Structures are given as C-alpha cells and as structure tokens.
Amino acid sequence: MKVTLKVWRQQSPNSAGRFETYPTPDLNPNMSFLEMLDVVNDDLTRQGKEPIAFAHDCREGICGTCGLSINGRPHGEGRGTATCQLYMRHFTEGQTITIEPFRAGPFPVLQDLIVDRSAFDRIMQKGGFVSVRTGSCQDANALPVAKPAAELAMDAAACIGCGACVASCKNASAMLFVSAKVSQLGLLPQGQPERHRRVLAMVAQMDREGFGNCTVTGSCEEACPKNISLAFIARMNRDYAVALLKGE
Amino acid sequence: MNLIGRLFCSSVGKKLIMAATGLGLVLFVFGHMVGNLQVFLGPEAINRYAELLHFSPELLWVVRLGMLTLIGLHIWAAFQVSAENRVARPVGYDGSPAPVETTYASRTMLMSGLIVAAFVIYHLLHYTVRVEAINFTGRSFADLKELSEAGVERHDVFKMVILGFSKPLVSLFYVVGVGLLSLHLSHGLRAMFQSLGLLTHRCGPLIRKLAPVLAWVLFLGYVSIPLAVMLGFGKEALN
Ligand code: HEM
Ligand code: FES
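Reading the values: the criteria
Residue numbers here run from 1 along each chain, matching the order of that chain's written sequence. Lettering for chains starts from A, numbering for ligands starts from 1, and both go in the order in which the items are written. Reporting in this predicted model follows two pLDDT cut-offs: at least 70 for local features of residues, and 80 or more for side-chain atom pairs to be given and counted; totals over whole chains, interfaces and linings ignore these cut-offs and use all residues. The basis for the side-chain values is all heavy atoms of the structure; hydrogens and waters are excluded. Comment: elements are numbered from the N terminus, with helices defined as DSSP H or I runs of at least four residues and strands as E runs of at least two. Residues count as neighbours in contact if any of their non-hydrogen atoms are within 4.5 Å of one another. Computed by Shrake-Rupley with a 1.4 Å probe, the accessible areas treat only the displayed protein chains as cover when residues are assessed. For the purpose of counting charges, residues Lys and Arg are taken to be positive, whereas Asp and Glu are taken to be negative. His and the chain ends are not included. All charge positions are set by atom: Lys at NZ, Arg at CZ, Asp at CG, Glu at CD. Pairs of N or O atoms are called polar contacts if they sit within 3.5 Å, as long as, within protein, a hydrogen donor faces a hydrogen acceptor (for residues adjacent in sequence, only side-chain-to-side-chain pairs). In this entry, domain limits derive from an automatic or database-based domain assignment. Throughout, buried area stands for the accessible area (probe radius 1.4 Å) lost by two parts on being put together, summed over both. Every case where a carboxyl oxygen of Asp or Glu lies within 4 Å of a side-chain nitrogen of Lys or Arg is listed as a salt bridge. All amino acids are sorted into three groups, where Ala, Val, Leu, Ile, Met, Phe, Trp, Tyr, Cys and Pro are nonpolar, Asp, Glu, Lys and Arg are charged, and the leftover types, Gly among them, are polar. Strands are labelled as partners when DSSP assigns at least two bridges between them. Geometry is summarised by axes, namely lines fitted to C-alpha atoms with helices restricted to the contacting stretch, and by angles between N-to-C directions that run from 0 to 180 degrees. On a scale of 0 to 100, pLDDT captures the predictor's confidence in every residue. With water excluded from the atoms, a metal site may look incomplete; its donors are any N, O or S atoms within 2.8 Å, or within 3.2 Å for Na, K and Ca. Buried means the residue's accessible area, taken with a 1.4 Å probe over protein chains only, is under 20% of the maximum for its type, while exposed means over 50%, and partly exposed covers the values in between. To be near a molecule or strand, a residue needs just one of its heavy atoms within 4 Å of it. For a helix, the expected span equals 1.5 Å multiplied by the residue count minus one.

### As for the overall build of chain B
- Helix and strand content of chain B: 9 helices and 2 strands.
- Counted from the first residue to the last, chain B has its helices and strands arranged as α-α-α-α-α-α-β-β-α-α-α.
- Across its three principal directions, the C-alpha atoms of chain B cover 65 × 45 × 40 Å.

The structure is reproduced here in structure tokens:
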C-alpha cells in the first residue's frame, strides 16, 4: 500500500516550522506506524533529504517515548494503544495522513516531531517518589495491601508518561498524568507519610510549567494509551482539598 | 504557603472555588424552581410564598449579597481558568480538529455562562427591580397589589408572572436563558462533582448518568411556567 504524509518539519526549537508532503514508497500493511516512518526516512535519505526526526524507544507500548499526533489525534485512532502499536492496515490506500508533534506550550518542539517533555520529569522530581530507607530487604508480607487498592494503584501506575493526555486536552492540561502519579503512591501504605506534601508540590510544579486546567472534557482518557481513568483526577482533587485543609 | 493563597492561585484551587460556588448556585436554582412551581397552586400559594421571602429585609439582603459573592467568585475563576487554558497551547493542530470525545456543552462553558449572566440581569430587572420599560406590557409590575387573607396589602406576584409571560418574546427569552443554563449544567454538574473529588471509581458512573437528568429536570421545571402562561394558564387573573 501507499499513503501520502503531511508532516510537520521544524529545524530547531526557535525556527519556524511548516508542513511538507511526502508520498511514501510501497508499504507492508502490517508495518507499525514507526516502521512506516523508518521506510520513509530511508527513502528520504536516499534522495539526499533530511530524514524526519521522531522519538521512539521500546516500540512495544511500555516506555512512553513515541508520541505523534496523527490526523489530529494523539497516538492516532483506537483506544489503549501508543503510536508504536498502531498499524498501517488501519489506514486506507492513498490516504493523506497528517503527522504533527504533541502540541502544548510546556512541550516545546525540539525538532520536527520531537518535543521536550522534561516538564513531566520536573513534576516527578517534586513528589513522584517515596522517601524510604533503602537498607536491607523487608519481610514480604510485612505491609499488607488490600487487593482492590493494589489493583487501583496498578491501574494508575500503568501511566507511561507519554503526554498524550496533554496533547489531546483542549486546555493542554496535565491533570491525568499528575493524578496517576499522585494516586499510584497515594493508594499504597508506603505513600501515606508524604501523601499531602506530594499532591501540593506536584500540582504547584504542574502550574509552574504552564499546563492548563482540567475542565473535565474527557479527551485525555480517550487518548491515553494505558486507559488511565478520569476518576484519578477526582481522587487527586480530593487529596488536594484535604491537603489544603491540613495545611501542610 | 497558606490555604487562601493556594486556593486562589493554584489550578486545582481555582477549580475548587468554581465547583464550590457552582454548588451554591445549583442549590439555589433548584430551590428557586421548586418555589416558582407554586404558581400552579394558584395566587394564594405563590403570593404567600413571596410574602414569606420578604419577611425580613435584613435577612433578604444577606442572602442577596451571598448570591452576588458566589456568582462573582464563579465568574472570576471562570475567566482565570479560561485565560490560562488559552495560553497553554500557543500552536494548535492542523485544521483545528474538534478535541476527541468532548461534548458541545463542555466546549462552550464560558459562552453559555456569560449568556446566562446576561439573562439573570434581565430577569432581576424584570421581576425583582420591576423596571417597567423592559416588561413590554405597558404596565408597572410594582403597582400590582392584592389583599392577603389577613387584610394586609402585598405584592401580587401571580398576576405579575401571568402578565410578564403573556409577551411571547419575553417568554422566548426565558426559554433560551433557562435552556443555556441547563446546557451549562449538563456539563457543569459532572465537572462540579469531579472538582469536588466525588467522581471516583465508586460513585462516578452513577453521577455521570445523573447529571444530564438533573439538567433536564431543571429545564422542564422552569420552562413549564412561561409555556403554561403562553397556553392560557391564569388568563382570568388579568381581567
Ligand atoms: C453567570 C455566568 C457564568 C459563567 C461565566 C460561568 C462559567 C463557567 C465556566 C467557564 C465553568 C468551567 C467549565 C468547566 O469546568 O468545563 C463553569 C463551571 C460550572 N458552572 Fe458556571 N458559569 C456561570 C453561571 C453559572 C450558574 C448560574 C450556575 C448554577 C446555577 C453555574 C454552575 C456551574 C457549575 C456547577 C460548574 C462546574 C464547576 C466545576 O467545573 O467544577 N454556573 N462555569
Ligand atoms: S516506543 Fe515505547 S511506547 Fe511507543
């Protein structure tokens, strides 16, 4: 199959970007979207053109590095998959596919389709951890965790920090990401001592980075490759309100 | 930092303000609707109810200033949040595609809210301040009086409502205003429970279903009054 790509090209963070259109060489429909870009890049290199820069790593939906807006949707059509898990068979022969970087003020474009998501790292550094003595190993069942809490914490921990929530939200809000990171620890006994300090610090950093506010539109949940639920945002809002009253 | 600073300056704090003031306003509009529906019980019921609301001017003003504070804070937070959201995405997507999974109501909250505010101002001038020029009936609502059973002169709210809604364009404006309020709340109620931290895994599904139902109840409850008057309800009171 062949498709036409309309791709955002941008030399550097400060240069102006523009769309370029490329016809692809013949593709195997069972290629992933990233493999398709590899093939296109081979072709561009052979023509002496600059290949399209895009971020990728595991290529199996677990690292959160890949992230493209495909026809205006972060990670493209389909629920619960990252860009690396999207296959060319979901497109039609001859279709024009628009590929853009994730758009948000706090995610500046570095080059072409690669954005700088270190804003997420700075939020994590403010509280996305538990402070523990890392001495000898603890007894396996010394800290009992109820099954439902463990399951819910695991659901939150499935977040791979790709930024699709920010990219899809009309307000470029990072609430789904931050709430998942707050909840994965707040649901477990190990996370309790720093629970209130954590939520205040992470939300403060989120605001400092310039992300928008949640207006509960539900786009993020739909775009999330890990199906993180909006309910975690409600949980974080409650944690935040309690932390305010406790006055940490 | 202290509680007030965090509440008024942080993103989540501002949403808490919006939700708490929204809750106050929602409780008011439901109470106001139930009160108004007494018009269907006839002149005596609604006029006595209006008399009761006015029994203490001091208390009435406390409630009015409270409502003004609620709506002021709500609008302040709405503008803050909307302005921050606009700058959070300086470069948009190609062709501005509608964001996935959003409802019309959720994308137009600021606009529906502002039109509701304009409607509320008209409504207050119409039935509370009773400005004659905007009721289009050529009669002064302030002069509509009747005697209560105890022989005390009181305002004839029943007659005022029938007279007020006998003008089709005025009734239409009320239907539009209340329609937009319901649109605002069809998303606002869900957002409110979310901001207050109640839309969790356990109660979320129920509240999500309940929000549009409550918005419809509000719409039908309020609209029934101008609609009934347009269809001839209470005509005899005008003779
Ligand atoms: C008067 C002008 C008004 C404006 C400009 C306004 C604006 C807004 C905006 C922008 C939002 C945020 C939407 C979102 O989260 O997606 C909102 C939320 C809300 N509004 Fe209003 N609104 C107004 C009046 C009202 C009234 C009269 C009521 C109730 C009777 C109300 C109830 C609510 C509720 C319950 C929410 C949800 C709070 C939340 O987001 O947590 N609003 N409003
Ligand atoms: S490359 Fe790791 S999630 Fe897609």
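### Looking at the overall build of chain A
- Helices and strands together make up the secondary structure of chain A, namely 8 helices and 7 strands.
- Within chain A, contacts between residues at least 6 apart in sequence are counted, and of these 70% link residues at least 24 apart.
- Taken as a whole, chain A presents about 10600 Å² of accessible surface, with 50% of it coming from carbon and sulfur.
- Placing the 26 positive and 25 negative side-chain charges of chain A at their respective mean positions leaves the two points 5 Å apart.

### Quick notes on the environment of Ser-10 of chain B
- By secondary structure assignment, the location of Ser-10 of chain B is in the loop between helix H1 (3-9) and helix H2 (11-36).
- For the pair Ser-10 of chain B and Val-81 of chain B, spaced 71 residues apart in sequence, the C-alpha to C-alpha distance is 10.0 Å.
- Excluding residues that lie within four positions of it along the chain, Ser-10 of chain B makes contacts with Asp-207 and Tyr-240 of chain A together with Gly-5 of chain B.
- Side chain to side chain, Ser-10 of chain B and Tyr-240 of chain A meet in a polar contact 2.8 Å long.

### A few points about the domain arrangement of chain A
All names here are of chain A.
- Each assigned domain of chain A is listed here: domain 1 (4-111) and domain 2 (118-246).
- Taken together, the contact between domain 1 and domain 2 spans 17 residues of the former and 21 residues of the latter.
- Looking at the side of domain 1 facing domain 2, the largest losses of area belong to Arg-79, Pro-106 and Phe-107, adding up to 37% of the total buried there.
- For the salt bridge of Glu-222 with Arg-79, the shortest nitrogen-to-oxygen distance reads 3.9 Å.
- Between domain 1 and domain 2 we count 2 residue pairs in polar contact (both at pLDDT 80 or more) in total.
- Here the side of domain 1 that touches domain 2 is built from residues that sort into 9 nonpolar, 5 polar and 3 charged.

### Considering the sheet that holds strand S2 (residues 18-23) of chain A
Residue and element names in this part refer to chain A.
- Taken in spatial order, the 5 strands of this open sheet run S2-S1-S5-S3-S4, and their pairing is mixed. With one partner strand each, in any of the chains shown, S2 and strand S4 (73-74) form the two edges of the open sheet.
- Here helix H1 (residues 33-46) sits on the sheet and contacts strand S1 (4-9), S2, strand S3 (69-70) and strand S5 (96-100); the angle it forms with S1, its principal contact strand, is near 80°.

### With respect to the interface of chain B and chain A
- With 36 residues of chain B at the contact, the number on the chain A side is 52 residues.
- At the boundary of chain B with chain A, total buried surface from both sides reaches about 3700 Å², with 57% on carbon and sulfur atoms.
- Between the two partners, chain B and chain A, sit 1 salt bridge.
- For Asp-94 of chain B, the salt bridge is made with Lys-6 of chain A, and the minimal N-O distance between the two is 2.8 Å.
- For the interface between chain B and chain A, the tally reads 19 residue pairs in polar contact (both at pLDDT 80 or more).
- Within the residue set of the side of chain B that touches chain A, elements represented by two or more residues are H1, H2, helix H4 (57-87), helix H5 (104-107) and helix H8 (168-195) of chain B.
- Broken down by class, the residue content of the side of chain B that touches chain A amounts to 14 nonpolar, 13 polar and 9 charged.

### Overview of the confidence of the model for chain B
- In this model, chain B carries an average pLDDT of 94, and 100% of its residues clear a pLDDT of 70 or more.
- This complex was scored by the predictor with a pTM of 0.93 and an ipTM of 0.91.

### Description of the coordination of the iron atom of ligand 1
- Coordination of the iron atom of ligand 1 by the protein comes from His-74 of chain B (NE2) and His-184 of chain B (NE2), over a distance range of 2.1 Å.
- A relative accessible area of 14% places His-184 of chain B in the buried class.

### Focus on the site of ligand 1
- Near ligand 1 there are 25 residues, and of these Lys-15, His-74, Gly-113, His-184 and Ser-195 of chain B occur at the shortest range.
- Residue neighbours of ligand 1 fall on chains A and B, so the site bridges chains.
- One nitrogen or oxygen atom from the side chain of His-74 of chain B is found 2.8 Å from a nitrogen atom belonging to ligand 1.
- Ala-191 of chain B has a polar backbone atom sitting 3.1 Å from an oxygen atom of ligand 1.
- When residues of the shell around ligand 1 are traced back to their parent elements, those giving at least two are H2, H4, helix H6 (109-128) and H8 of chain B.
- With 8 residues, H8 of chain B is the largest single contributor of residues to the shell around ligand 1.

### What to know about helix H5 (residues 175-186) of chain A
Residues and elements named next belong to chain A.
- Look at H5: 15 Å from first C-alpha to last across 12 residues, which is about the 16 Å you get at 1.5 Å a residue.
- Within H5, 12 of the 12 residues are buried, which leaves it mostly tucked inside the rest of the structure.
- Every buried residue of H5 is listed here: Met-175, Leu-176, Phe-177, Val-178, Ser-179, Ala-180, Lys-181, Val-182, Ser-183, Gln-184, Leu-185 and Gly-186.

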